[in-house]
Each structure stands twice: as structure tokens, then as C-alpha cells.
Protein chains: 2
Amino acid sequence: MIVIDEERIFNEIYAKKPQSVSLNGPEGILAQVQQTAINITRKFDIPAFVIADATWGSCDINESGARTLGAGIHFNIGHTVSMDTVGNTVMVDAYDDVSFDSVALKCARLLRSGIVAVVTDSQHLHQIQNVVKILQKNGIRTIIGSGKGQLNDGQVFGCEFYPATSLRDDVDSYVFLGQSNFHAAGVALSTGKPTYVLDPYFNEVREVSEFAESLRKKATLAIYKAADAKRFGIIVGLKEGQLSKVVGLKFKRELESLGKEVEMFALTDITNERLLNIRNVDAFIQVACPRISTDNRFDMPVLSTPQAQGLLRVLQGKDPQEYLMLPHWL
Amino acid sequence: MIVIDEERIFNEIYAKKPQSVSLNGPEGILAQVQQTAINITRKFDIPAFVIADATWGSCDINESGARTLGAGIHFNIGHTVSMDTVGNTVMVDAYDDVSFDSVALKCARLLRSGIVAVVTDSQHLHQIQNVVKILQKNGIRTIIGSGKGQLNDGQVFGCEFYPATSLRDDVDSYVFLGQSNFHAAGVALSTGKPTYVLDPYFNEVREVSEFAESLRKKATLAIYKAADAKRFGIIVGLKEGQLSKVVGLKFKRELESLGKEVEMFALTDITNERLLNIRNVDAFIQVACPRISTDNRFDMPVLSTPQAQGLLRVLQGKDPQEYLMLPHWL
């Protein structure tokens, strides 16, 4: 069950006495966010607006939406970062209280030996020490990578993997706590090491190497398809934490110096449907969120920033290199 | 062919010398907007970003996107209004140069008698006097309704129909210049009079009463379905020109006084897909854009502001009345 830190929210409202508040959180916990909004209105008799737009991470907290709404406090729920606030937004923890005891034991039996690094996402961060204890007690040498920037110790985002990549030379494999093949595939791709998902709901240990490899192949194919393009569209993301205008304009100059034509675009949500409205563009580069390119399906090549770096090498007659083996895909 | 008033754009750039600009326009003219962006960069050597998000009207010019991008001037193209600028955005005309001569003659022969009001959308405003002349020369008494607010004489939006509704008692029918059944159905629904589309591309005069009636029936059915709901979600739109928080909160109080439970939501794009993430809500009222409710398909009742007014009457045991026969559906 997802447990939202409502005490933190209530204390903020007691302290600041806003006339209204807004809340958002990822789709998977929206039902719990709705209940928290109901609890706020019951307790304080103020409107609590659930902003039901997507919120993909601390890069996408929708402060502009909260500002438009005139909310006195905006709470982004479920994206735990190393800071209490991001901009004017209060970042609120939402933990999953599911136990990893059984699946961690299963993992220890499966792995038997070698050194393992434990990583996880926001919802299971509080379980990480417990799992380390179980693995160690069962003979598995286990370490946790240090946090960096917004990342806590052992935490990974979909695009940022410092606590994993920093241990690359020290470990044999990674275990990811939770159900997210999405995050675990990021760990596998950024480190090139075997990565296991410890899924407490299915009580299952599964390797994600095959899934990660399928993403990598698709991403590489898109690079080579884009290399044949004459006319590029570079898309700057309009979500506040995803704006990389300077990077976009740098790619424009570099592609033009290699003889390509380039048009500049901006989009809030970069979807195949929106891109189909754009004419006479053979390939896109989007500098908003790298996972848009690796995890979604598009009718034309849509490269992320690391893929675009690979493309530039290909256009210069070089190998694209291990363009995803980076701690941060931006 | 769509002709964008590039001279206006170039003059603004000459005068203000921005470091970069942004442009947007409705999907149907996006290819032309792309070409204008290319022309700007060729002429002034500055980045011209095409914001490819939807822009449904002067209520949805995406100034916040342009601000995020740091564009020196934002041009919204193709939504002609009675003002040159809306907020900080320069509103640029985009006219369709297709001729109405042939279809207007056809219309005169079809109608034969009665008094007709001519209305149209942004793209064909410049043709309205020419069509009036042809109709009158062929014996049809023709008038043009006065503009109001953002509307020019004879102009209608998807949600606002003053030049049509103001003539309701004076005319027998309306003719809409263009291809848009969407706008013409709005005229038919807001006036209750026969409305004909003068489609210059198909050289066809078609009545939209049946289509309009199908929209009205669907809208009324949604009202009666919503009347059975226990728990309502009220959605405030986050597009700058669609924010109606006060109206949303008014509906909350009114529904609660009638024994309903109400949760508050906010969304940028109100789609069936986004609403499916929300749990335990039996019916929605959205106060963003009335056409979202009348023209889209949802799995649950999603009422617009005029439909919600009808709902309140139904909940009080009354008839919903002619809830769409209004000059402005807000």
C-alpha cells in the first residue's frame, strides 16, 4: 500500500495557511493523492486541487500549472529527492509498505556469490537497508552507491544513475527494489552489468538484460535511420525542468555544419500524434527527456540527447560508441 | 492556400529586435507556420521555435510555453480577433485565399428566399463582404451580425456566437463560410435555426442541422446520466485563457448543497485517457472549454459549463431548458 506523508503536508498548511493548495503525483498513486486532497479539505476547509496532468519526475512538477491555478502551496507527491523542496514546490514522500523480506531471500539464493549493488526508486528507498541486511546475512557482499545532486544514496531516476554507475568497476551485478523494469533497464543500460528486479508483489527475481538490450537495439537503429535524414527537427521540451534550449541550439549548429537542414520546435508532451502534424522533417532530436525516445514508439526517428551524441559521431564516420553508458542521459 | 501575414511578423521583429521568437497555430496550418519560421530565420538569423502543442483559439495561445522558452516575441497565427495582441502575444492573421464565388451562387439558388445571416471563422473573414454581394445580387436578403468582445463582425468562435445569436429574431437561416462543421454546428445549436456550410473546396452547400442535433442529444444524455452520479469531479482547465476556477468552485458549492460529493481537479488537456486515471468519480464537470464536452468521446459523463447549468436544473426537478441556446457557452 502507498503511504503518503500527510503529516508533512498538514504541517506545511498549518504553517502557511494557504487559501487553496494543489497536489500532483504519478498516475500509479493518483487514487491515494485524491484521498489526501479529500483529507486536506476535510481538515482545513480549503479547496485542494488534484492536478491530473502527467508528472514524470522532479523535472516535471508542473509548477506553472499550480501558478496558473493560484494555489498557495503546491505539493508534488511520490518523487522523493534529496531536497525538501524543488523551486516553490514541496516534495512529499510516498512510500510503498510492501515487504521485501521474502524476495530478498530468494535473491540471495539465486545470486550465491559476487558483489551486488542495491538500487531503487522513490517508493522503496526506505527498504534499502533492510534488503542489504538480508542479502549480507545470506552471504552476498552488498553495497549502496552514494547519492549525488537530487539523488539519495542508492536511488536512481529514469534518466540519472550515479549511485549505480559510480560502482560499475566494483560490482558484478545490480539489484533493483520494486516492480519497475523501466528503472532497472536504465541501470542495466547505463552500467552494462546484469541487473535484477526484486519484485515484492510477484515475489520474483527477474533479470532485465534482454528487455534493456531490446531498448538499446531500437535506440541504435534510430540513430542509423536518422543519419540518412536530410532535414531535422530539434524539439525543446516546455516542461520547466526539461528545458534544454542551449543543448537544442548546439545540436542545430553541429548538424548544420555537417550539411543538414534544421528546424526548431517546442512541445510540452512529445508524442507520435503531435509529431505527425509536422511536415517535411525526416528525423527529430528531442532534448527534453531521454526516456521519451528509448521507451516510446514513433513513426520516425526521434533521438534523445545521448542518441544525438552518437549520431554526430556516426555522421563524422565514427562508431556511435557506448552512448547510453553514462551516469546521466542529458 | 493559407496566406500568413508575414509582413506584420517581420515588422514586429524589425521593431523589437528579439533574440529569438516563437510561433504557433492550429494543426491545419502548421506546415505554413513552419515555413514562416524558416523565413524568419533566413531573414533575421535568429531561432524561430514552432510550438507544436495544440492551440485551439485565442483562449489557448500558450503564452506560458513561450515564456518558458524565453522567446522575445510570441506570434499566435490563424486566430484572428478584434485586437492586434492578446496579453503579450501578437495575433497574426492567416487567410485562406480560396474563392467562394461559385459556392455562393449555388447557395443563392438553393435558398431562393428568406433573410440570411453570413458568419465565418478567422480564415475566411476577408471573404464575407464578397459573399454578401453575390447573395444579394441574386435576390437573397443578407445581413452580417455585429462583432462583440474579441469577435469581429460576422465572426464566430467554437464557443462564442454573438454575431449569430444577436440576429436570431431577424433571420431565417445562417450560412457559414468555410469547411468547418464544428463552427457551423455551434451556430445551429446556439440559435436553433437552419445553418448551411458553404464549402468552397467541395463546392457544396450542406445543412448541419442533423449533425448539430446529434451533438445536442449526446450532450443532453450526458446531463441525465450525470444526474444519477453520487460523486462529482470538477475540472478546472490550466490553459491560461480557459481558467475558470471561480465557476468551478461555484459548481462545487451548488452540487454539495444538493447532496452530492465533489472533488476538485485541474488539467491542461482534458482527455478520456487522463480521466481514466481518476478513481471513484461518477461524473465530471469541466469548466475549461465547452467543445471538449460536446465534441469528444468519454467513458463517463463530462459536462461543460452550459450542460452543468442544465444539470443543476434537472437536480432541482426542473427541465434542463435550452441550455445551448446562448451567445457564449461559458
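Residues numbered from 1 in each chain as written. Chains lettered and ligands numbered in written order. Predicted model: local features only at pLDDT ≥ 70, side-chain atom pairs only at ≥ 80, totals over all residues. Heavy atoms only, no water.

Visitor: Mind showing me how you'd approach the overall build of chain A here?
Guide: In terms of regular secondary structure, chain A is built from 12 helices and 16 strands. Compactness check: chain A gives a C-alpha radius of gyration of 21 Å against a globular reference of 20 Å for 330 residues, within 12% of the reference. Seen along its three principal axes, the alpha-carbon backbone of chain A occupies a region of about 60 × 55 × 30 Å. Total accessible area on chain A stands at roughly 13800 Å², and carbon and sulfur atoms take up 49% of it. (Helix = DSSP H or I, 4+ residues; strand = E, 2+ residues; numbered from the N terminus. Rg over C-alpha atoms; globule rule 2.2 N^0.38 Å. Areas by Shrake-Rupley, 256 points an atom, 1.4 Å probe, with all protein chains shown as cover.)

Visitor: Looking at this model, I keep getting lost on the confidence of the model for chain A. Mind explaining?
Guide: Do not read the fine detail of predicted coordinates wherever pLDDT is low. Confidence in the prediction of chain A, expressed as mean pLDDT, is 97, and 100% of residues score 70 or more. Model confidence for the complex is summarised by a pTM of 0.95, with the ipTM given as 0.94. (pLDDT = per-residue confidence, 0-100.)

Visitor: For this particular structure, what's the right way to read the relation of the copies chain A and chain B?
Guide: Both copies of the chain are tied together by a single rotation about an axis and a shift running along it. Rotating chain A by 180° about the axis while translating it 0.0 Å along that axis superimposes it on chain B, leaving an RMSD of 0.0 Å. These values place the two chain copies in the arrangement generated by a two-fold rotation axis. Scanning chain A for the C-alpha nearest the rotation axis identifies S64 of chain A, at a separation of 3.8 Å. Counting the interface residues of chain A, we find that 100% of their copies in chain B are interface residues as well, pointing to one common contact surface. (Least-squares fit on C-alpha atoms with pLDDT ≥ 70 in both. Contact = heavy atoms within 4.5 Å.)

Visitor: What is the right way to look at the sheet that holds strand β8 (residues 115-120) of chain A in this model?
Guide: Whenever strands of a sheet pair, they do so through backbone hydrogen bonds, lying parallel or antiparallel. Residues and elements named next belong to chain A. Pairing in this open sheet of 5 strands is mixed, and the strands run β9-β8-β10-β11-β12 from one edge to the other. Looking at strand neighbours, the two that pair on one side only are β9 (141-143) and β12 (204-207), the edges of this open sheet. In this sheet, neighbouring strand axes are inclined to one another by 30° on average, regardless of whether the strands run parallel or antiparallel. Strand direction decides the pairing type here: strand β10 (residues 173-177) and strand β11 (residues 195-199), joined by 4 bridges, are parallel. Note that in β11 the partner of Y174 across the bridge is T195. Together, β8, β10, β11 and β12 form the strand contacts of helix α4 (residues 101-111), whose direction differs from that of β11 by roughly 150°. Sitting on the sheet, helix α5 (residues 128-137) touches β8, β9, β10 and β11, and the angle it makes with β8 is about 160°. (Pairing = 2+ DSSP bridges. Axes fitted to C-alpha atoms, helices over the stretch in contact; angles between N-to-C directions.)

Visitor: Can you walk me through the state of the cysteines in this structure?
Guide: Chemically, a disulfide is nothing more than a covalent bond linking the sulfur atoms of two cysteines. All names here are of chain A. Scanning the entire structure with this criterion turns up 0 disulfides over all chains. C59 takes part in no disulfide bond, and the closest cysteine sulfur, belonging to C289, lies 6.0 Å away. Free cysteine C159: the closest other cysteine sulfur is in C59, separated by 6.3 Å. Exposure remark for C159: the relative accessible area of 19% places this residue in the buried category. (Disulfide = S-S within 2.5 Å. Buried < 20%, exposed > 50% of the residue type's maximum accessible area, 1.4 Å probe, protein only.)

Visitor: Help me understand the pairing of strand β3 (residues 48-51) of chain B, please; the structure alone is not making it clear to me.
Guide: The two faces of a sheet get side chains in turn, since along a regular strand they alternate between them. Side-chain alternation along β3 of chain B places A48 and V50 of chain B on one buried face and F49 and I51 of chain B on a second face that is also buried. As paired elements, strand β14 (residues 261-267) of chain A and β3 of chain B share 3 bridges and run parallel to each other. For M264 of chain A, the partnering residue across the bridge sits in β3 of chain B and is F49 of chain B. Bridge count between strand β2 (residues 21-24) of chain B and β3 of chain B: 3 bridges; the pairing is parallel.

Visitor: Just to check I follow, could you spell out the sheet that holds strand β9 (residues 141-143) of chain B for this structure?
Guide: Residue and element names in this part refer to chain B. Pairing in this open sheet of 5 strands is mixed, and the strands run β9-β8-β10-β11-β12 from one edge to the other. Two strands in the sheet have a free side with no partner beyond their single neighbour: β9 and β12 (204-207). Averaged over neighbouring strand pairs, the angle between their axes works out to 30° when direction is ignored. Bridge count between strand β8 (residues 115-120) and β9: 3 bridges; the pairing is parallel. For A117, the partnering residue across the bridge sits in β9 and is I143. In the packing of helix α5 (residues 128-137) onto the sheet, the strands contacted are β8, β9, β10 (173-177) and β11 (195-199), and the crossing angle to β8 comes to about 160°.

Visitor: Even after reading the chapter, I still don't get the interface of chain A and chain B, so can you show me in this structure?
Guide: As a measure of interface size, the accessible area lost when the parts come together is often cited. Contacts between the two partners involve 39 residues from chain A and, on the opposite side, 39 residues from chain B. Buried surface at the junction of chain A and chain B, summed over both partners, amounts to about 3300 Å²; 57% is from carbon and sulfur atoms. Remark: the boundary between chain A and chain B carries 2 salt bridges. Note that E27 of chain B and R274 of chain A form a salt bridge whose closest N and O atoms lie 2.9 Å from each other. Remark: the boundary between chain A and chain B carries 18 residue pairs in polar contact (both at pLDDT 80 or more). Only α2 (30-44), β3 (48-51), α3 (63-69), β13 (231-237), α9 (245-257) and β14 of chain A provide two or more residues apiece to the side of chain A that touches chain B. (Buried area = accessible area lost by both parts, 1.4 Å probe. Salt bridge = Lys/Arg side-chain N within 4 Å of Asp/Glu carboxyl O. Polar contact = N/O pair within 3.5 Å; in protein donor to acceptor, adjacent residues only side chain to side chain.)

Visitor: What should I look at first to understand unusual backbone geometry in this one?
Guide: For residues besides glycine, phi is generally negative; the peptide bonds are generally trans as well. In the Ramachandran plot, D45 of chain A falls in the positive-phi region, its phi being about 55° despite a non-glycine side chain. A relative accessible area of 66% means that D45 of chain A is categorised as exposed. Its identity is not glycine, yet Q321 of chain B carries a phi of approximately 65°, on the positive side. Structurally, Q321 of chain B can be placed in the segment after α12 (305-315). Residue Q321 of chain B is classed as partly exposed on the basis of its relative accessible area, which comes to 48%.

Visitor: Just to check I follow, could you spell out the packing of aromatic side chains for this structure?
Guide: Aromatic rings considered in pairs are described by the distance between their centres and by the relative angle of their planes. Going through the model one piece at a time under the given rule, you end up with 8 aromatic pairs over all chains. Seen in terms of ring centroids, F265 of chain A and F284 of chain A are 6.2 Å apart; in terms of plane orientation they differ by 65°. Their pairing is edge-to-face. You can see F265 of chain A sitting in strand β14 and its partner F284 of chain A sitting in strand β15 (residues 283-286), a full 19 residues away along the chain. Overall, F265 of chain A belongs to the buried group, its relative accessible area being 0%. Judged by centre distance (5.0 Å) and plane angle (65°), the rings of F161 of chain B and W329 of chain B are edge-to-face. (Phe/Tyr/Trp six-rings, centres within 6.5 Å; stacked < 30°, edge-to-face > 60°.)

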